[in-house]
There are 2 protein chains.
Amino acid sequence: MLDPKRTVAELKELRALTGDENGAQRVAFTGLWAGAREWLRGKAEAIDGVETHRDEAGNFWATLPGESEKALMIGGHIDSVPNGGWLDGCLNTMAGIEILRRISTQYDGRPPVTVRVVDWADEEGARFGKSLFGSSACSGNLDMDEARGLKDRDGISLPDALREHEIDFERVKDCGRELRNAAAYLELHIEQGPVLLDLDLPLGTVLGTFGVERHAITFRGQAAHSGSTPMNRRRDAFLAASKMSAEIYKIAERSGNGVCTIGSCTTKPGIVTSVVEECRITLDQRHLDAAALATMLREARAASEKFAQEGKVEVAWERLWQIQPILFDEQLITFADEAIAGTGAQPHRLPSGPLHDAAEVARAGVPTVMMFVQSLHGISHNKIEDTREEHLEMAVVALDKLADKAMRWIAGR
Amino acid sequence: MLDPKRTVAELKELRALTGDENGAQRVAFTGLWAGAREWLRGKAEAIDGVETHRDEAGNFWATLPGESEKALMIGGHIDSVPNGGWLDGCLNTMAGIEILRRISTQYDGRPPVTVRVVDWADEEGARFGKSLFGSSACSGNLDMDEARGLKDRDGISLPDALREHEIDFERVKDCGRELRNAAAYLELHIEQGPVLLDLDLPLGTVLGTFGVERHAITFRGQAAHSGSTPMNRRRDAFLAASKMSAEIYKIAERSGNGVCTIGSCTTKPGIVTSVVEECRITLDQRHLDAAALATMLREARAASEKFAQEGKVEVAWERLWQIQPILFDEQLITFADEAIAGTGAQPHRLPSGPLHDAAEVARAGVPTVMMFVQSLHGISHNKIEDTREEHLEMAVVALDKLADKAMRWIAGR
């Protein structure tokens, strides 16, 4: 019998063990993280029929073998950013453990399909600046050359830090075999934004993770004395760049549910007595639909060229980063809607702005879906991150209903 | 007999003595500047009847005593910025020397009024970051406490640098007595902008120097994740700040001939994945009319508050600097127009964006006017600064005609 209150109690227990007055401190590949993992292993091994092991990338697996090798997977990450929220990542893991308990009891330790809970290693990338380490090693997408060169603030390399936890960096991708029999992957996460809060909904079905286009845009005009240069003689790089700000709001609106952000603006010479010669802004564009994302990018480029021409300045674009949208499985999305409706809540579908481990699993070809639970302040990576206890309990129930549907679906195929 | 070609030849001689391939190098209170001053003293003392001395602030005076103690003054500055233009400041001084020659010859060394050429010390403020040193000491406006603390890049204080040139900092304002009998002050300067170039006019009469309002404007919104924050939930400080850019062009246009400049923009946290929480811009506004300047400032404030309200962000203003407009003398402005017309050129009146020594003399109550000569690239403080030789010669002739009118005006009062 599922006990959602136990999950809330266990989350509080974990907070007491590994948090302080500034928030959660379970940064991956540190002592507190390793301690949290030991605590988690104890919980998993107490479940009848469950075997545990750690794979080559440091991901933790709790497996309940079933009649079929085909596996239902439930994932999370117990690691946090420094001064992090108490629910980000570990809610997923602990809800998975509770569902494993329910299934083990219901089927006397032998369910029709194999059920596995995975706790991914270093989802946050807080120490080495590279997120989704464990899941991207497993999906095969980890860039080994890039990762090999990563260093933390003290100059310790990622391979050296891994060695302290008995992980051989050069073998991390061997863990890809864990996905061999994967038939479905489920993940529950606290929403890292305010959408469900604004809609006053406890739960949502996640359609996929946004594709991202990230560029630096540099406008170049001419420096000129602020006192002696008539307005109609100026080639003002800031004037051209500033017009992009209102424009990206129009581009995002036209796109449906895409988002665009200018996060940084720098000016040269950047002194009070000169017209701006060079203005560099960063533009981050995200959309769940690849074609819509391409349109947003094309529209932003065209706008920048129009504004540059209007202001007799030049404009140059430089791509900083890009990733395609990752769409979740249609059947599992339907099941997630039904599972949410089954708790009495109104189903709602939304995209995920941030990436999650689920995106890596989906990229590896495993049918995947996520559910979000409402975040009280619409904020994450912060000690004030929180969710109402009744919503946490509803989330565990909804994930359990989803797991049940997915297990029957896998068994029936 | 006035010889404008001699002035051009002397300017070239000075350039050869004190410039290099990067431009003029006569930074005040350096060895090259002192050498230029010695060269200037030789030119002045060769004129019949002329006495020279240096005042307490290091300003150089060449005086031709006349029947009346009432003095016509012609001013300039032989100091330059590093890598400066060959005409900025020294055209004024050398034209004054040529006019002193003409008057001395015409009146056999004893004109009806006293005629003086002054070469102000450290107009540019290139070494200590404070312009108009010598003229503001003379006008009494120099802020002694501020100037006492100024240091150059090597940590040498202004008082110590002055001591090397045998100037006692604490006594610099004693030179105010030099203005006791001042009846009119004239200054010729290369325009530091493109107005005369655009109008295809060689010369212009300067109406005064702009008043300046200089502020930092800080918009404060909220940082938020670029992927998970819907557009309509954002409190984007950059969006509000960016709207100021196009707005100041409208404000300047409505003002008649004022100018507004946003010279700098900084963003916090200033990262590609976050909505901008804090955006600080600088605003420099200038106008010749005090009421119009106040209107421009009021309109900019109102716009900033409107944009802040629209974007649900806060806005705060901080004044960085301010100076009132300084208007030149109406009678002398009329004389300058007539003098320009006398050379065959079309008279044109324009304000000065940058400050000049003339502004300090005008603030001290001396009837003052300036003339500008066209700058070929509309640019100053740069080695490419230049003026056609025929325009330089016309400028010397026009200043001479103006000096003649002013002398008769002084004598007749």
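What counts, and at which threshold
- Residues numbered from 1 in each chain as written.
- Chains lettered and ligands numbered in written order.
- Predicted model: local features only at pLDDT ≥ 70, side-chain atom pairs only at ≥ 80, totals over all residues.
- Heavy atoms only, no water.
- Least-squares fit on C-alpha atoms with pLDDT ≥ 70 in both.
- Contact = heavy atoms within 4.5 Å.
- Helix = DSSP H or I, 4+ residues; strand = E, 2+ residues; numbered from the N terminus.
- Buried area = accessible area lost by both parts, 1.4 Å probe.
- Salt bridge = Lys/Arg side-chain N within 4 Å of Asp/Glu carboxyl O.
- Nonpolar A, V, L, I, M, F, W, Y, C, P; charged D, E, K, R; others polar.
- Expected span 1.5 Å × (residues − 1).
- Buried < 20%, exposed > 50% of the residue type's maximum accessible area, 1.4 Å probe, protein only.
- Arc of directions from axis to C-beta.
- Phe/Tyr/Trp six-rings, centres within 6.5 Å; stacked < 30°, edge-to-face > 60°.
- Lys NZ or Arg CZ within 6 Å of the ring centre and 35° of its normal.
- Pairing = 2+ DSSP bridges.
- Axes fitted to C-alpha atoms, helices over the stretch in contact; angles between N-to-C directions.
- Parallel < 35°, antiparallel > 145°, perpendicular 65-115°, else oblique.
- Left-handed = near helix turned anticlockwise from the far one by under 90°.
- Domains from an automatic or database assignment.
- Polar contact = N/O pair within 3.5 Å; in protein donor to acceptor, adjacent residues only side chain to side chain.

Participant: How would you sum up the relation of the copies chain A and chain B? Please name residues and give values.
Facilitator: Here chain A sits on chain B after a turn of 180° about the axis and a move of 0.2 Å along it, with an RMSD of 0.2 Å. Such a turn and shift between the copies fits a two-fold axis. Distance from the rotation axis, computed per C-alpha, reaches its smallest value in chain A at A:S242: 2.3 Å. When the interface residues of chain A are mapped onto chain B, 98% of them again fall at the interface, so both copies present the same face.

Participant: For the environment of A:T105, give the residues involved together with the corresponding values.
Facilitator: Secondary-structure assignment places A:T105 in helix α3 (residues 90-106). For the pair formed by A:T105 and A:L2, sequence separation is 103 residues and the distance between their alpha carbons is 9.5 Å.

Participant: Tell me about the interface of chain A and chain B, and please be specific about residues and values.
Facilitator: Facing 49 residues of chain A, the contacting portion of chain B comprises 49 residues. The largest contributions to the chain A side of the interface with chain B come from A:M231, A:Y249 and A:V272, which together make up 17% of the buried area. Our enumeration of links across chain A and chain B arrives at two salt bridges. For B:R233, the salt bridge is made with A:D198, and the minimal N-O distance between the two is 2.2 Å. For the side of chain A that touches chain B, the secondary structure elements donating two or more residues are α7 (195-199), α8 (237-254), β10 (259-268) and β11 (278-287) of chain A. Looking at the side of chain A that touches chain B, the element that brings in the most residues is β10(A), giving nine residues. Of the residues assigned to the side of chain A that touches chain B, the class counts are 21 nonpolar, 21 polar and seven charged.

Participant: Can you tell me about helix α1 (residues 4-18) of chain B, naming the residues and giving the values?
Facilitator: Helical geometry note: an α-helix holds 3.6 residues per turn, so side chains three or four residues apart project in the same direction. All names here are of chain B. Taking 1.5 Å per residue as the helical rise, α1 with its 15 residues ought to reach 21 Å, and the 21 Å between its terminal C-alpha atoms agrees with that figure. Listed in full, the buried residues belonging to α1 are P4, T7, V8, E10, L11, L14 and T18. With its buried residues spanning 160° around the axis, α1 presents them on a single face. In this structure, α1 carries K5 and A16 as exposed residues pointing more than 90 degrees from its buried face.

Participant: If you had to explain the pattern of salt bridges to someone new, which residues and values would you point to?
Facilitator: This structure, assessed with the given rule, holds 68 salt bridges over all chains. Between A:E13 and A:K43 there is a salt bridge, and its shortest N-O distance comes to 3.1 Å. Residue A:E13 is located in helix α1 (residues 4-18), and its partner A:K43 is located in helix α2 (residues 31-45); the two are separated by 30 residues in the primary sequence. Between B:E170 and B:R148 there is a salt bridge; the shortest N-O distance is 2.8 Å. In this pair, B:E170 sits in the loop between α6 (158-164) and β7 (182-190) while B:R148 sits in helix α5 (residues 144-148), placing the two residues 22 residues apart along the sequence.

Participant: Mind laying out the packing of aromatic side chains, listing which residues take part and the relevant values?
Facilitator: Taken as a whole and judged by the stated rule, the model has ten aromatic pairs over all chains. Plain terms: the ring middles of A:F335 and A:W409 are 5.9 Å apart, the flat faces sit at 80° to each other, and that makes the pair edge-to-face. Of this pair, A:F335 sits in helix α10 (residues 330-342) while A:W409 sits in helix α12 (residues 389-412), and the two are 74 residues apart along the sequence. By relative accessible area, which is 19% here, A:W409 ends up buried. With 5.7 Å between their ring centres and 80° between their planes, B:W61 and B:W120 make a pair best called edge-to-face. With B:W61 in strand β4 (residues 60-64) and B:W120 in the loop between β6 (113-119) and α4 (133-139), the pair connects residues that are 59 residues apart, well separated along the chain. Overall, B:W120 belongs to the buried group, its relative accessible area being 0%. Through successive ring pairs, a cluster of aromatic residues spans A:F29, A:W33 and A:F133. Between A:R15 and the ring centre of A:W86, over which it is positioned, the NZ or CZ distance is 4.1 Å.

Participant: Got a sec to walk through unusual backbone geometry? Specific residues and values, please.
Facilitator: Residues A:K268 and A:P269 are joined by a peptide bond in cis, for which omega reads -5°. Note that A:P269 resides in the loop between β10 and β11. One non-glycine residue, A:D108, lies in positive phi territory at about 50°. Following the sequence through the fold, A:D108 ends up in the loop between α3 and β6 (113-119). With a relative accessible area of 69%, A:D108 lands in the exposed category. The backbone phi angle of B:N83 is positive, close to 55°, even though this residue is not glycine. Considering the arrangement of structural elements, one finds B:N83 in the loop between β5 (68-76) and α3 (90-106).

Participant: So what's going on with the pairing of strand β11 (residues 278-287) of chain B? Which residues, and what values?
Facilitator: All names here are of chain B. The buried fraction of β11 is high, at nine of ten residues. Where strand β9 (residues 211-220) meets β11, ten bridges bridge the pair, whose relative direction is antiparallel. Counted as the bridge partner of T218 is R280 from β11. One ladder, built from eight bridges, connects strand β10 (residues 259-268) with β11; its direction is antiparallel. Within β11, the position partnered with T267 by the bridge is C279.

Participant: Before we move on, can you summarise the packing of helix α8 (residues 237-254) of chain B against helix α9 (residues 290-310) of chain B with the specific residues and values?
Facilitator: Residue and element names in this part refer to chain B. One can describe the packing of α8 onto α9 by two numbers: an axis separation of 10 Å at closest approach and a directional angle of 150°. When the axes of α8 and α9 are compared, the pair comes out roughly antiparallel. Crossing hand, α8 versus α9: right-handed. The segment α8 lies against α9, with A240, K243, M244, E247, I251, A252 and R254 engaging M296, E299, A300, A303, S304, F307, A308 and E310. Here the residues of the contact of α8 with α9 are counted per class, giving nine nonpolar, one polar and five charged.

Participant: Run through the sheet that holds β10(A), naming residues and quoting values.
Facilitator: All names here are of chain A. In space, the four strands of this open sheet follow the order β10-β11-β9-β12, with antiparallel pairing throughout. The two strands at the open ends of the sheet, each matched to only one other strand, are β10 and β12 (314-323). For this sheet the average axis-to-axis angle between neighbouring strands, irrespective of direction, equals 15°. Against the sheet, α8 engages β9 (211-220), β10 and β11, with an angle of about 175° to β10.

Participant: Which residues make up the domain arrangement of chain A, and what values do they have?
Facilitator: Residue and element names in this part refer to chain A. For chain A, the assigned domains are domain 1 (4-209 + 325-412) and domain 2 (211-323). Look at where the C-alpha atoms of domain 1 and domain 2 centre, and you get two points 38 Å apart. Counting residues at the interface gives eleven residues for domain 1 and nine residues for domain 2. By the criterion of area lost to domain 2, the three top residues of domain 1 are P325, P351 and L355, representing 59% of everything that side buries. At the junction of domain 1 and domain 2, the tally comes to zero salt bridges. One can count one residue pair in polar contact (both at pLDDT 80 or more) joining domain 1 with domain 2.

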